[in-house]
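One letter stands for each residue in the lines below.
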Amino acid sequence: MKKIFYILFIFLLNNIYAQQLGLIPAPVHLTQQAGVFILDNQTSFDISDDLLKDERQYLIDYLYQYYAKSYTKDTKEARRSVSFGLNKSMPAEAYTLRITPELVQIEGGGKAGVFYGIQTLIQLLPTTISPEPTLPCIEIEDSPRFRWRGMHLDVCRHFFPPEFIKKYIDIIASYKMNTFHWHLTDDQGWRIEIKKYPLLTAVGAWRNGTMIGRYSDHRYDTLRYGGFYTQAQIREIVAYAQKRHITIVPEIEMPGHAVAAIAAYPFLSCTGEQVEVGKKWGVEENVLCPTEDTFGFLEGVLTEVMDLFPGKYIHIGGDEVPKIAWKKSNFCQELIKKEKLKDEHGLQSYFIRRIERFIHSKGRQIIGWDEILEGGLAPNAAVMSWRGTEGGIAAAKQGHFAVMSPGSHCYFDHYQGNPANEPLAFGGYTTVEKTYSYEPIPKGLNPDEASYIMGAQGNIWTEYILTPEHVEYMALPRMAALAEVVWSPAANRNFSSFKNRLAAHFRLLDMHKINYSRSIFEVKTSLKPGREQKGIEVGLQTIASGGEILYGFNNNAPNISYKEPFLLEKSGLITAVYTEKGEPKGKPVITEFLFSKSTGRRIVLEEDASESYPGDGAFTLVNGIYGSPEYFGFQWLGWSGKDMQAVIHLDKEEIVHSVQVGYLDRKESWIHPPSAIRIFVSLDNQTFKEIAVLNTNDIADQPRKIVLNFEPIQTNYIKVIAEHAGKIPNGFPGAGEKAWLFIDEIGVE
Ligand code: ACM
C-alpha cells in the first residue's frame, strides 16, 4: 500500500514539475531540486566522446542564435561545465539529464539520446533573451514509448522551399520526433529531380492552374505554379535531418496519384494519351499501367531515390487507386488472366509486390497507405493506416509492421477550431484535445500483435495550405500533442497538465518565430437537455484556464461573466470570448440556436454514429444547432454505409406538420446526401405509421436542409430514417467505397 502511495506521489510530482517547466513531451521521470545552473562565460562544453561533437555544436549554435552568447572558446578557467556523454547501457534514444548548480550532465544511450537531452535542456531555458540564462536544477530519465514518431508534409499540392523544409525538420526534432515523411510526388506536381527522367521535373513539376477556394466551388486560376528539389538540395536536407536524428521517408506515389509523372511520360498510362499536370484536388482515374516499361521506369526512379535517402523505409503510396483505367485496358485484362489474379484489386497487389521485391532486393523496405492490403499484402510491406485503424489492425494481425495515422486524430489539414474563425481547411474537426486523446495501440490486439505497431504520425496535406506560416499553424500545437502521444508513457499522459504546459510553451514558439493556432483559447459550448425536458443547458469552456469567459445574447457585446451553465429556452445567438487580464485571447465565437418542438427532447438512435464522428451522441441531433458544412466532425454525426434511424420522444401528444433534416453534401470527402428520408409517427412507440417520404431528386432540390411537410397530425413519437447512399458511384472520390452519411439536426414543427 505504502508503495502505491509512493508511486502515486512520484507520479503527481512528475506532473507538477513537468507542468511548471513546460516540457513537451512529458518525460518519463523527473525530479526538481532547489537552485539553478547559470550559463555564463565561464561555462565549458565538454564531450566524453568525439562522436558527440555535432550534438555539442548544435547546443552551442542554439545558445548563440537565441541568447547571443558565444561559448566556443575553450575556457580553461571554467567554473561550470555542460558535459555530454554516452552510456551504452541505455537504448539509443534514451537519455538522462542532470542539472546541479555546478554542472549539466547529459548522457544518451546513443547520439540520438544526447540530442533529445539537449532538446529538453532547450525547453528549460528562459523564453526571454537573457544575458545569463539559467536552468533549474533537475534530474530526468527519459526514453520514447514508440519507435516511429512521425510527421508528414505534402509538397505537391503546394510547394515549400528547402529553407522551410529545414525549419519543419527543426520543429519535428524539437519534439523528439524522429521521422519526416516527405510526400514528393502526386497528381499536381512531381517535386524530386530524377536524373534519368528529366521531364519529371521539367514538365511534371509545373501546372498551368490551381483550384482556388473550396473544392465544391470548382474554380481555378490560370497561373503557372510549381517547383522541385534538386538532388543537391535533397542531399543537403537529408544531411541536415540526420544531424537532428530525423529519418526522412520519401514517398513516391504509385500506381495512383501519378498524373504529374504521366504528363511527363505518357507511356506510363494505359492509354498513352498526353495529359496535363493536375489542377484539381481529389482522386484521378488516370493511373500508372502495370507494363514492363512502367516497372522499368519506376525501378530507375527508385534507384535514384534510394541513393538519395539512406533510411530503411521507402513509401510507395498505394492509396486511392481507381480501377477504371485497368478495367478498360486490354493489356491489364490479359495480365490479370496471365498472372491468375482475381481482379483489378489483385492487379494492385501484383503491382505493389513487384515494387516490393525490387526495393527489398536493395536491402530496403516498403511502407504504403492501407490500400496496399487490398488483394493481399506484399511480403515485408509495412502499412500506414489512414482510413481509420482497421488497416493497422489487419497488418499487425498478419505480422506486418504498421504506423497509425487515422484521419480522425492525425490529419492536421482538418479544422482545429471554429471554421468561422479559421482559414479554409480540408474539413473534419480535429482539436488538439482530440489528437492528444489518441491511443496508437488499437483495441483488440494481443501484446504480440501490438508489438507490430511502430508508432503514429501526423499528416499535413496542403490543398488549402499555401504558405510555410500556414503549415506551421496547422501543425501546431497538434504536433506537440502527438509528440507526447508517441513519446511519453501512457500513464504519464494527462491533458490538463499538457494544456497548462502548452500555454507556457507558446512563449518558446514565439521566440522561435513559429506560427501556431490559438484555438485552445476559443470558447466551446457544451450542451445538455435542460431539466424536465425543458430547453437546453448551455455550458461554456475553453481548454486554456485561469482567465474569464464573457458572453452575451443576440446582438449584445459579450459582457456577462460566465460562472455556470445556464438554461436557454428560445432561438437566438450567443457570443462568447475568453479573456485574460481583460484582454481577449481567442476570437469571439458566435453560436446560433434554432429551437423547434424537438429541441432538448429525448432521442434514441437505432444505431450509434461511427466512433470517428460521434458528436455528443444522439442529443447532437436535437440540440438546436445546425453544424457548419465546413467542419463536419463537430455538431455532426456520421455513419459509414449505414442508415440513420432516430426516434424523438416528444413526451406528450403534440400536433406536428413538418420535419426538417440537416445533411451534408461533401462528395470530395466521401460524404453523400441521403438517398431517401422517411418520417413515421406513433402514439405508443410501438406501432409507427409512415406519413412522408422524399427521394434523391427531391433531396437534390434542397441542399443542406430537407424539409418534409405533411398534414398536421397528433403524435407522441416521431421516427426519422435517413437512408445512406450506398457505394460511392464512379466519377467521385472514393468510388466503390461506402458513402458516409452526415446528419446534424432534426427539427420538428
Ligand atoms: C491519403 O490521405 N490519401 C493517404
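Residues numbered from 1 in each chain as written. Predicted model: local features only at pLDDT ≥ 70, side-chain atom pairs only at ≥ 80, totals over all residues. Heavy atoms only, no water.

Student: In this structure, what is going on with the overall build of the chain? I would like to understand it.
Tutor: Scanning the chain for helices and strands turns up 19 helices and 37 strands. Computed over C-alpha atoms, the radius of gyration of the chain comes to 28 Å, within 12% of the 27 Å expected from 2.2 N^0.38 for 749 residues, which places it in the range of a compact globule. Each of the three principal axes of the chain carries a C-alpha extent, and together these read 95 × 70 × 55 Å. Classification of the 749 residues of the chain by burial places 59% in the buried group. Sequence-distant contacts in the chain: of pairs separated by 6 or more residues, those separated by 24 or more amount to 70%. Working note: accessible area of the chain is about 30200 Å², and carbon and sulfur atoms make up 52% of it. (Helix = DSSP H or I, 4+ residues; strand = E, 2+ residues; numbered from the N terminus. Rg over C-alpha atoms; globule rule 2.2 N^0.38 Å. Buried < 20%, exposed > 50% of the residue type's maximum accessible area, 1.4 Å probe, protein only. Contact = heavy atoms within 4.5 Å. Areas by Shrake-Rupley, 256 points an atom, 1.4 Å probe, with all protein chains shown as cover.)

Student: Got a minute to help me understand the environment of V82 in this structure?
Tutor: Its location among the elements puts V82 in strand β3 (residues 80-86). When the C-alpha positions of V82 and E304 are compared, they lie 42 Å apart, and in sequence the two are 222 residues distant. Residues within four places of V82 in sequence aside, it is in contact with F37, L39, T43, S44, F45, D46, L59 and V104.

Student: Please explain the nonpolar core as it appears in this structure.
Tutor: Where a protein is soluble and globular, its nonpolar side chains tend to be buried together. In terms of nonpolar packing, the biggest core is built from 205 residues, with W182 and M644 touching the most fellow members. With residues near it in sequence (within four places) discarded, W182 still touches L153, V155, I165, Y229, I234, I237, I248, V249, P250, E251 and F309. Among the nonpolar cores identified, the runner-up in size contains twelve residues, and V249, Y313, A382 and W461 belong to it. (Core = buried A, V, L, I, M, F, W, Y, C linked by side-chain atoms within 4.5 Å.)

Student: Help me understand the sheet that holds strand β6 (residues 134-142), please; the structure alone is not making it clear to me.
Tutor: Within a sheet, each strand pairs with its neighbour through backbone hydrogen bonds, oriented either parallel or antiparallel. The strand order across the open sheet built from six strands is β1-β6-β4-β5-β3-β2, with neighbouring strands paired in mixed fashion. Each edge of the open sheet carries a strand with a single partner, namely β1 (29-38) and β2 (43-47). This sheet shows a mean twist of 15° between the axes of neighbouring strands, independent of strand direction. With six bridges joining them, β3 and strand β5 (residues 103-108) adopt parallel strand pairing. Each residue of the ladder has a partner; that of G85, found in β5, is E107. In the packing of helix α3 (residues 111-124) onto the sheet, contacts are made with β3, β4 (95-99), β5 and β6, and the angle to β4 comes to roughly 40°. (Pairing = 2+ DSSP bridges. Axes fitted to C-alpha atoms, helices over the stretch in contact; angles between N-to-C directions.)

Student: How do you make sense of the pattern of salt bridges when you look at a structure like this?
Tutor: Pairing of side chains with opposite charge becomes possible as their charged atoms draw close. Here the structure, examined in full by the defined rule, presents 36 salt bridges. Between E439 and R145 there is a salt bridge, with its nearest N and O atoms 2.9 Å apart. On the criterion of sequence distance, the pair formed by E439 in the loop between α14 (432-436) and α15 (447-450) and R145 in the loop between β6 and β7 (148-154) is long-range, its members being 294 residues apart. Take R145: its relative accessible area is 30%, and that puts it in the partly exposed class. Salt-bridge contacts for R666 lead to E668; the nearest nitrogen and oxygen are separated by 2.9 Å. (Salt bridge = Lys/Arg side-chain N within 4 Å of Asp/Glu carboxyl O.)

Student: How do you make sense of the packing of aromatic side chains when you look at a structure like this?
Tutor: The geometry of an aromatic ring pair is captured by two quantities: the separation of the ring centres and the angle between the planes. In the structure shown here, the tally under the stated rule is 40 aromatic pairs. Geometrically, the ring pair formed by W369 and W386 is edge-to-face, given 6.4 Å between the ring centres and 75° between the ring planes. Note that W369 is positioned in strand β17 (residues 365-369) and W386 in the loop between β18 (382-385) and α12 (390-397), a separation of 17 residues in sequence. Per residue, the accessibility class of W369 equals that of W386, and both read buried. The structure contains a cluster of three or more aromatic residues connected by ring pairs, namely F159, F160, F164, Y168, F180, W182, Y229 and F309. Note that R354 overlies the ring of F295, its terminal NZ or CZ placed 4.1 Å from the centroid. A cation sits over an aromatic face here: K585 above F521, 4.8 Å from the ring centre. (Phe/Tyr/Trp six-rings, centres within 6.5 Å; stacked < 30°, edge-to-face > 60°. Lys NZ or Arg CZ within 6 Å of the ring centre and 35° of its normal.)

Student: Which parts of the structure should I look at to understand the side chain of H470?
Tutor: In this fold, H470 is placed in helix α16 (residues 468-475). Note on H470: relative accessible area 15%, which makes it buried. Beyond its immediate sequence surroundings of up to four residues, H470 is in contact with P423, L424, Y464 and I465.

Student: Any chance you could explain helix α11 (residues 344-361) here in plain terms?
Tutor: Each turn of an α-helix holds 3.6 residues, which means side chains three or four residues apart point in the same direction. Compared with the 26 Å implied by 1.5 Å per residue over 18 residues, the 26 Å span of α11 between its first and last C-alpha is a close match. Of all 18 residues in α11, 13 are buried; the element is thus mostly enclosed. The N-cap of α11, judged by a side-chain oxygen 3.0 Å from the amide nitrogen of H345 a few residues on, is D343. Downstream of α11 by one or two residues, G363 has phi in the positive range, about 85°. (Expected span 1.5 Å × (residues − 1). Polar contact = N/O pair within 3.5 Å; in protein donor to acceptor, adjacent residues only side chain to side chain.)

Student: Please explain the packing of helix α8 (residues 292-308) against α11 as it appears in this structure.
Tutor: In helix packing, the relevant descriptors are the interaxial angle and the interaxial distance, both defined with respect to the helix axes. Orientation of α8 relative to α11, taken along the N-to-C sense of each, is 40°, at an axis distance of 11 Å. Considering the angle they form, α8 stands oblique to α11. Considering how the two elements wind past one another, α8 and α11 form a crossing that is right-handed. Mapping the contact onto sequence places E292, T294, F295, L298, E299, L302, T303 and M306 in α8 and Y350, F351, R354, I355, F358 and I359 in α11. Its residues assigned to classes, the contact of α8 with α11 comprises nine nonpolar, two polar and three charged. (Parallel < 35°, antiparallel > 145°, perpendicular 65-115°, else oblique. Left-handed = near helix turned anticlockwise from the far one by under 90°. Nonpolar A, V, L, I, M, F, W, Y, C, P; charged D, E, K, R; others polar.)

Student: Mind showing me how you'd approach the sheet that holds strand β23 (residues 524-529) here?
Tutor: Pairing is antiparallel in the open sheet, where three strands are placed in the order β23-β24-β27. Of all the strands in the sheet, just β23 and β27 (566-568) have a single pairing partner and so form its edges. For this sheet, the mean inter-axis angle between neighbouring strands, taken without regard to orientation, is 40°. Note that strand β24 (residues 536-541) and β27 share three bridges and pair antiparallel.

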